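# Working through the structure, step by step
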Amino acid sequence: LGETNNSMHGGQQPQKHYGITSSISMAFPREVDHQYTHKLSEAMKPFGVFEDEDELNHRLAVLGKLNTFVKEWIAEISETKNLPPSAITNVGGKIFTFGSYRLGVHTKGADIDALCVSPRHVERTDFFDSFFAKLKLHEEIKDLRAVEDAFVPVIKFKFDGIEIDLLFARLALQSIPDNLDLRGDSHLRNLDIRCIRSLNGCRVTDEILYLVPNKENFRLTLRAIKLWAKRRGIYSNMLGFLGGVSWAMLVARTCQLYPNAVAATLVHKFFLVFSKWEWPNPVLLKQPEDSNLNLPVWDPRVNPSDRYHLMPIITPAYPQQNSTYNVSSSTRTIMSEEFKYGLSVTDDILQGKTDWSKLFQPPNFFLKYKHYIVLTASASTEENQLEWIGLVESKIRVLVGNLERNEYITLAHVNPTSFPGNKESCSENEFVSMWFIGIIFKKVENAESVNIDLTYDIQSFTDTVYRQANNINMLKDGMKIEATHVKKKQLHQYLPVELVQRKKRSIVELNRNSNGGSSKRSSLDGSQLDSSRDTDSGTPFSSPTSVCKPSRPAASDTDDRWVSPSAGSTIPTVVGRSVVPCLGSSRDTSSPTEQNQNGATAAAKRPHSPTQDGPPKRIRDPADLVRRGSGPWMDILPSMELPDVTSPLPSSNHQRVVKNSIRLALNRHR
């Protein structure tokens, strides 16, 4: 079940089990390992991953004020509920932090995830009523808003310039002492599900820190891996990659396997371990425990839906959950490729052939593929657009799943960064954001030409988004989704010319330097990857700008194996008063992957001419307690992941939908 490390140095905790297996190596670091670790730390500084002392002290001061503020409020609310004065004096209350701040890996300007813990006589309604009102009167608190009906209810605000997301949980205790430890499972007894969800972030974070041999080595390694994942465009739980908690658990497992190693070695070993990991074997930091509280936990032996998870990484705190339920066959393939690339680069770094900066060079997504789908979300006001792109982005993985199931598509790769539209050909009253999905088509043998119809794949996605928007009363006039197929040479019509040109120049430089000893990376479709782009390819989307869609793309490339006479054809979905409704049939397309006879997991492919019998409906595990939303630890999973397909598409006089087709033709001749 683990191992006991009897000889620990430098702040490590002796006599403790780390992980469910014995370590791979107990070797202590050499002087050269410390030197490489120092160089790693220096290479990360330009990216703003470290706060200075003043910023750290500012955060501590703000959290101290907030903690005092909570104690005052709980005492006030206790008095209104007629508690005796002696009880009011000792009633307590406490602010806990979790996520990147609690782990000690937050970056400059990052928000703080926090939890307000109250005694049993304080209700959730008190938190969203009287506490919210008290916050509103505080002069240092700005941008205050409550999201009471979220999967994990939250109050968001800025306190003296620091963004805070504050959750609430009431425990079955008369008072909340300052030394309260939330790791004990007994605290979950007799709690409602929203309190359990709110406690989950703190309990998982604390358990991760408890299960690593050396916290400082863990923190520096995690900072490096998070920066690498953001730069390489694979940091987004929402879009089917990994979020902060998942990356933290992978790094923690590496630390368990190499308990005495320093950060430079751990980064290299991270890539070594996970480039060879045999998914879907789960990553576990400890042996799962049953606390007999009858809460649903991740267990593929019991829950059929858990058997479809492709890359399970299991949270260590009860109730154990898979933090990577959004991973698809495409995103797992992309991340596996990145693990191998990371191993190649760190091999070179530790052999003195290159330096750490190469690890953080982003690929050029826009040179990697021959074919792209441009997904455009637009609205008539900036406020509506912020809401609209949040919903659309949360459902993009549904579109990726639909494309993966098309029998002619090998891979669908969404870039986590969104882009504003083209300002030069814009409507003043239109705010646009665009996402790009790279597509690899399957090479079809013994066929002169094959027609590929993506209409259904995209239409079912837009139906899903519109149903969801309609169900939560978000849908407003002017909100649109449009999908367009373009080729690599047509991307300049969507992206700034200088961005495309800069990438093209740097690919020449990359090829010119290819004989310098450092390894090159080939992408899945055989094209060389560019590593010169300086922008951080993390998860945040760009602020919408007043823009509109580009002009119709040019004719298809003659030197491409895939010929598309209608390369600029789109499948728009428009909401407005003057559009004739054309409501296509739809079904739930969020089906699970299917396991083949050898036990390997592969996406179920859907023929491009769909029949009435759709893929099996995905069973959403009701125990998914990990939150999804604006950040890696805010992964709020809605109680209903997708709207019921029987619910109607919006079709009132004010909200009508029309769809066109998007079809491609394969020609084997160049």
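So, a few notes on the structure that sits alongside this text. Along each chain, residues carry numbers from 1 onward, in the same order as the chain's sequence is written. Given that this is a predicted model, residues contribute local features only at a pLDDT of at least 70 and side-chain atom pairs are listed and counted only at 80 or more, while totals for whole chains, interfaces and linings are drawn from all residues. Water and hydrogen atoms play no part in the side-chain values, which are based on all heavy atoms of the structure.

Turning to the overall build of the chain, a few remarks are in order. For the purposes of this entry, the term helix denotes a DSSP run of H or I that reaches at least four residues, the term strand denotes a run of E that reaches at least two, and both are numbered from the N terminus. On a plain count of helices and strands, the chain comes out with 14 helices and 17 strands. Buried, partly exposed and exposed residues are distinguished by accessible area as a fraction of the type maximum, computed with a 1.4 Å probe on protein chains only: under 20%, between the cut-offs, and over 50%, respectively. Among the 670 residues that make up the chain, the fraction classed as buried is 57%. The long-range share in the chain, meaning contacts at least 24 apart out of those at least 6 apart in sequence, stands at 77%. Summing over all exposed atoms, the chain offers an accessible surface of approximately 27,900 Å²; the carbon and sulfur share of this is 49%. What makes two residues a contact is simply this: any of their non-hydrogen atoms within 4.5 Å. Residue exposure ignores everything except the shown protein chains as possible cover, and the areas themselves are Shrake-Rupley values with a 1.4 Å probe.

Attention now moves to the pairing of strand 3 (residues 141-147). Successive residues of a regular strand alternate their side chains across the two faces of the sheet. Paired strands are those between which DSSP finds at least two bridges. As paired strands, strand 3 and strand 4 (residues 154-159) are joined by 5 bridges and run antiparallel to one another. What sits directly across from Ala-146, in strand 4, is Ile-155. Counting the residues in the hairpin turn of strand 3 and strand 4 gives 6 residues.

Here we take up the nonpolar core. Of all hydrophobic cores here, the largest spans 112 residues; its most connected members are Phe-218, Trp-228, Trp-247 and Trp-388. In this structure, Trp-247 is in contact with Leu-222, Ile-225, Trp-228, Ala-229, Ile-234, Tyr-235, Leu-242, Phe-270 and Phe-339, ignoring residues within four places of it in sequence. Counting 28 residues, the second-largest nonpolar core is a separate cluster that includes Ala-114, Phe-128, Phe-132 and Leu-166. For the purposes of this section, nonpolar cores are sets of buried Ala, Val, Leu, Ile, Met, Phe, Trp, Tyr and Cys residues that join through side-chain atoms within 4.5 Å.

Inspection of the secondary structure assignment puts Lys-286 in the loop between helix 9 (263-275) and helix 10 (329-350). The class for Lys-286 is buried, based on a relative accessible area of 18%. N or O atoms within 3.5 Å of each other form a polar contact, as long as, within protein, one can give a hydrogen and the other can take it, and as long as residues adjacent in sequence are counted only when both atoms are side-chain atoms. Within the structure, Lys-286 has its side chain in polar contact with the side chain of Glu-207 (distance 3.3 Å). When residues no more than four places from it in sequence are discounted, the contact partners of Lys-286 are Ile-20, Glu-207, Leu-211 and Pro-316.

A word on helix 10. Owing to its 3.6 residues per turn, the α-helix aligns residues three or four sequence positions apart on the same side. What a helix should span is 1.5 Å times the count of its residues minus one. Look at helix 10: 32 Å from first C-alpha to last across 22 residues, which is about the 32 Å you get at 1.5 Å a residue. Summarising burial for helix 10: 16 of the 22 residues are buried, a large majority. Two residues or fewer past helix 10, Gly-352 is found with a positive phi of approximately 75°.

Describing an aromatic ring pair means giving the distance of the ring centres and the angle of the ring planes. Working definition: rings of Phe, Tyr and Trp (its six-membered ring) pair if their centres are within 6.5 Å, and the pair is stacked with planes under 30 degrees apart, edge-to-face with planes over 60 apart, and tilted otherwise. By the definition in use, this model includes 29 aromatic pairs. Each ring, one from Trp-73 and one from Phe-127, has its centre 6.3 Å from the other, and the planes form 65°; the classification is edge-to-face. Residue Trp-73 is found in helix 2 (residues 53-80), and its partner Phe-127 is found in helix 5 (residues 124-136); the two are separated by 54 residues along the sequence. Each member of the pair Trp-73 and Phe-127 is classed as buried. With a centroid separation of 5.3 Å and an interplanar angle of 90°, the aromatic rings of Phe-365 and Phe-366 are classed as edge-to-face. Of the two residues, Phe-365 and Phe-366, both sit in the buried class. Ring pairs connect the aromatic residues Trp-228, Trp-247, Phe-270, Phe-271, Phe-274, Trp-277, Trp-279 and Phe-339, which therefore count as one cluster. Consider the ring centre and the ring normal. A charge sits over the ring if Lys NZ or Arg CZ is within 6 Å of that centre and within 35 degrees of that normal. Its end group placed over the ring of Phe-151, Arg-197 keeps NZ or CZ at 3.6 Å from the ring centre. Here Lys-230 stacks its cationic end above the ring of Tyr-235, 4.8 Å away from the centre of that ring.

Read from one edge to the other, the open sheet built from 5 strands follows the order 1-2-5-4-3, with strand pairing classed as mixed. Two strands close off the open sheet at either side, each with one partner strand: strand 1 (94-98) and strand 3. With direction set aside, neighbouring strand axes in the sheet form an average angle of 25°. Interaxial angle, 0 to 180 degrees, is taken between N-to-C directions of lines fitted to C-alpha atoms, where a helix line uses only the stretch in contact.

Glycine aside, negative phi is the norm for most residues, and most peptide bonds take the trans geometry. Following Trp-279, the chain continues into Pro-280 via a peptide bond in cis, with omega recorded as 10°. One can find Pro-280 in the loop between helix 9 and helix 10. Positive phi outside glycine occurs at Asp-143, with the angle close to 50°. Overall, the relative accessible area of 47% leaves Asp-143 in the partly exposed class.

Another aspect to go through is the pairing of strand 2 (residues 112-118). Across the 7 residues that make up strand 2, a large majority, 7, are buried. Alternating positions in strand 2 separate into two faces, Ile-112, Ala-114, Cys-116 and Ser-118 on one and Asp-113, Leu-115 and Val-117 on the other, with burial throughout. Taken together, the 5 bridges between strand 1 and strand 2 define a ladder with antiparallel strand orientation. Bridging from a neighbouring strand, Ile-95 pairs with Cys-116 of strand 2. With 7 bridges joining them, strand 2 and strand 5 (residues 162-170) adopt parallel strand pairing.

Relative to each other, helix 8 (residues 244-257) and helix 9 sit at 100°, their axes nearing to 9 Å. Judged on the interaxial angle alone, helix 9 and helix 8 are roughly perpendicular. Contacts from Trp-247, Leu-250, Val-251, Arg-253, Thr-254, Cys-255 and Leu-257 in helix 8 reach Leu-266, Lys-269, Phe-270, Val-273 and Phe-274 in helix 9. The residue classification treats Ala, Val, Leu, Ile, Met, Phe, Trp, Tyr, Cys and Pro as nonpolar and Asp, Glu, Lys and Arg as charged. All others, Gly included, are polar. A per-class count over the contact of helix 8 with helix 9 returns 9 nonpolar, 1 polar and 2 charged. Note that the term roughly parallel is reserved for angles under 35 degrees, roughly antiparallel for angles over 145, roughly perpendicular for angles of 65 to 115, and oblique for everything else.

This brings us to the pattern of salt bridges. The salt bridge criterion pairs a side-chain nitrogen of Lys or Arg with a carboxyl oxygen of Asp or Glu, the two atoms within 4 Å. Taken as a whole and judged by the stated rule, the model has 22 salt bridges. Where Arg-30 meets Asp-33, a salt bridge forms, and the shortest distance between an N and an O atom there is 3.0 Å. You can call Arg-30 exposed: its relative accessible area is 53%. Since its relative accessible area comes to 10%, Asp-33 is described here as buried. When salt bridges that share partners are traced, they join Arg-183, Glu-207, Lys-286 and Glu-289 into one network.

Bringing helix 6 (residues 193-210) into the picture now. With 18 residues, helix 6 extends 25 Å between its outermost C-alpha atoms, agreeing within 8% with the 26 Å of an ideal straight helix rising 1.5 Å per residue. Fitting axes to the seven residues ending at a residue and to the seven starting there, one defines the bend at that residue as the angle between these axes. Maximal helix bending in helix 6 amounts to about 35°, located at Asn-200. Of all 18 residues that make up helix 6, 15 are buried, and the element is covered over most of its length. Its side-chain oxygen placed 2.9 Å from the backbone nitrogen of Arg-194, Asp-192 serves as the N-cap of helix 6.

Next up on the list: the environment of Leu-135. Within the secondary structure, Leu-135 sits in helix 5. What makes Leu-135 buried here is its relative accessible area of 0%. For Leu-135 and Phe-157, which are 22 residues apart along the polypeptide, the C-alpha to C-alpha distance reads 8.9 Å.

Another point: the environment of Arg-219. Relative to the helices and strands, Arg-219 resides in helix 7 (residues 215-231). The class for Arg-219 is buried, based on a relative accessible area of 18%. For Arg-219 and Ala-252, which are 33 residues apart along the polypeptide, the C-alpha to C-alpha distance reads 9.3 Å. Those residues within four positions of Arg-219 in sequence are excluded, and the remaining contacts are Arg-102, Leu-103, Gly-104, Val-105 and Leu-209.

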